[in-house]
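# Observations on the model geometry
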Amino acid sequence: MSGGERFKSKVVHLILTGEAEQALNLLSRHYHVPTPELKVGLPKGHRNVIGCYVADKRIIYIVDRKCLYNPHLILHEFYHHLRSRGGKHRGTEKYADRFAEDYIQAYKRVLHDKKELID
């Protein structure tokens, strides 16, 4: 298991245990970017979504508190933060999904490796 796998696993674990802000701090330090703010409730004009990133404000918005425990959502929106420059998105939805899935798969691999050690 590499250090990168452990890092990704830790980030997902933090989100799953309700520490999304701590996960965002860790990610921001890792990628050398400012930490985005995390707010519950969507801004005007964003309906029918569970989350969004507003680049000019550096805020990740989520629809409700349950979403604080959703690693795919938090990581997907962080990817948009990571890829934003000059108040504009530079990343696509497809790549944001891949970024989130990479972290989640690393978490699953670490869990699997730990389970095999116990068995």
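Use the structure listed above.
Residues numbered from 1 in each chain as written. Predicted model: local features only at pLDDT ≥ 70, side-chain atom pairs only at ≥ 80, totals over all residues. Heavy atoms only, no water.

The subject of this paragraph is the overall build of the chain. Per the secondary structure count, the chain includes 4 helices and 3 strands. Counting only contacts in the chain whose residues sit at least 6 apart along the sequence, the fraction spanning at least 24 positions is 46%. Accessible surface, the chain as shown: approximately 7300 Å² in total, 50% of it carbon and sulfur. (Helix = DSSP H or I, 4+ residues; strand = E, 2+ residues; numbered from the N terminus. Contact = heavy atoms within 4.5 Å. Areas by Shrake-Rupley, 256 points an atom, 1.4 Å probe, with all protein chains shown as cover.)

Ranked by size, the top nonpolar core spans 30 residues in total, and within it Val11, Leu27, Leu38, Ile62, Leu75, Phe78 and Tyr103 carry the most contacts. Elements with a contribution of two residues or more to this core: α1 (3-16), α2 (20-31), β3 (59-62), α3 (71-82) and α4 (93-118). If we skip the residues at most four places from it in the chain, Leu27 touches Phe7, Val11, Leu75, Phe78 and Tyr103. (Core = buried A, V, L, I, M, F, W, Y, C linked by side-chain atoms within 4.5 Å. Buried < 20%, exposed > 50% of the residue type's maximum accessible area, 1.4 Å probe, protein only.)

Side chains Gly51 and Tyr53 project from strand β2 (residues 51-54) onto one buried face, and the interleaved Cys52 and Val54 project onto a second face that is buried too. The sheet contact formed by β2 and β3 spans 4 bridges and is antiparallel. Looking at β3, one finds that Tyr53 is bridged to Ile60. Hairpin remark: β2 followed by β3, antiparallel, with 4 residues in the connecting loop; positive phi at Arg58, about 55°. (Pairing = 2+ DSSP bridges.)

On to the sheet that holds β2. In space, the 3 strands of this open sheet follow the order β1-β3-β2, with mixed pairing throughout. On the outer flanks of this sheet lie β1 (37-40) and β2, each paired with one strand and no other. Along the sheet, successive strands turn relative to each other by an average axial angle of 20°, direction set aside. Of the strand pairs in this sheet, β1 and β3 are connected by 4 bridges, and their pairing is parallel. Of the residues in β3, the one forming a bridge with Leu38 is Ile60. Running at roughly 20° to β2, α3 makes contact with β1, β2 and β3 of the sheet. (Axes fitted to C-alpha atoms, helices over the stretch in contact; angles between N-to-C directions.)

Turning next to the packing of aromatic side chains. Here the structure, examined in full by the defined rule, presents 6 aromatic pairs. For the ring pair Tyr31 and Phe78, a centre distance of 6.1 Å and an interplane angle of 45° mean the geometry is tilted. Separated by 47 residues along the polypeptide, Tyr31 in helix α2 and Phe78 in helix α3 bring together distant segments of the chain. Aromatic ring contacts, followed pair by pair, group Phe7, Tyr31, Phe78, Tyr79, Phe99 and Tyr103 into a single cluster. For Lys8, the ring lying beneath its charged end belongs to Tyr103, and the centroid distance is 5.5 Å. (Phe/Tyr/Trp six-rings, centres within 6.5 Å; stacked < 30°, edge-to-face > 60°. Lys NZ or Arg CZ within 6 Å of the ring centre and 35° of its normal.)

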